[in-house]
Amino acid sequence: RITGVEKLHGCSYSIIPDQIETGTLMIAAAATGGDVTISGAIPTHVEALSAKLMEMGVKVEEGDDSIRVTSKGRLKHVNIKTLPYSGFPTDL
């Protein structure tokens, strides 16, 4: 049962850091030649992805709880092998 209201208002909401969400944003930035900073991330959770992106020529800068991904130019191809955590996630 849903009870409606007359007017909606904004809010702030934060989700827990998720390696798949973080990785998806990192890959999107790399693929589009973007410059994206992801706040609230845990860099150690995406080390395998960060290593592959850097191998491809993407710049990855890690902070305490943030990751900046900068991509310019043509990306190099790499071989990827998926593994259980903490390896490269199958979902990415």
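Structure shown above.
What you are looking at is a predicted structure, and each value in this text was computed from that prediction instead of being measured. (Residues numbered from 1 in each chain as written. Predicted model: local features only at pLDDT ≥ 70, side-chain atom pairs only at ≥ 80, totals over all residues. Heavy atoms only, no water.)

1. Observations concerning the pattern of salt bridges
(1) Moving on: As enumerated under the stated definition, the model contains 4 salt bridges in all.
(2) Moving on: Between Lys59 and Glu61 there is a salt bridge, with the nearest N and O atoms lying 4.0 Å from each other.
(3) Moving on: The partner of Arg68 in a salt bridge is Glu61, with the nearest N and O atoms 3.9 Å apart.
(4) Moving on: Overall, the relative accessible area of 34% leaves Arg68 in the partly exposed class. (Salt bridge = Lys/Arg side-chain N within 4 Å of Asp/Glu carboxyl O. Buried < 20%, exposed > 50% of the residue type's maximum accessible area, 1.4 Å probe, protein only.)

2. Here we look at the packing of helix α1 (residues 19-32) against helix α2 (residues 47-55)
(1) Moving on: Interhelical geometry of α1 versus α2 gives an angle of 5° and a closest axis separation of 11 Å. Considering the angle they form, α1 stands roughly parallel to α2. Here Gly23, Met26, Ile27 and Ala30 of α1 come into contact with α2, specifically with Leu49, Ser50 and Leu53.
(2) Moving on: Classifying every residue of the contact of α1 with α2 gives 5 nonpolar, 2 polar and no charged. (Axes fitted to C-alpha atoms, helices over the stretch in contact; angles between N-to-C directions. Helix = DSSP H or I, 4+ residues; strand = E, 2+ residues; numbered from the N terminus. Parallel < 35°, antiparallel > 145°, perpendicular 65-115°, else oblique. Contact = heavy atoms within 4.5 Å. Nonpolar A, V, L, I, M, F, W, Y, C, P; charged D, E, K, R; others polar.)

3. Here's the deal with α1
(1) Moving on: In a regular helix each residue adds 1.5 Å, so 14 residues correspond to 20 Å; α1 covers 20 Å between its end C-alpha atoms and thus fits that length.
(2) Moving on: Within α1 the residues assigned to the buried category are Thr22, Gly23, Met26, Ala29 and Ala30. With its buried residues spanning 125° around the axis, α1 presents them on a single face. Among the exposed residues of α1, those oriented more than 90 degrees off its buried face are Ala31 and Thr32.
(3) Moving on: As for α1, its buried residues are in contact with β1 (35-39), α2, β2 (59-62) and β3 (66-70).
(4) Moving on: Sitting at the amino-terminal end of α1 is Asp18, which places a side-chain oxygen 3.0 Å from the backbone nitrogen of Ile20.
(5) Moving on: Just past α1, the residue Gly33 takes up positive phi, approximately 70°. (Expected span 1.5 Å × (residues − 1). Arc of directions from axis to C-beta. Polar contact = N/O pair within 3.5 Å; in protein donor to acceptor, adjacent residues only side chain to side chain.)

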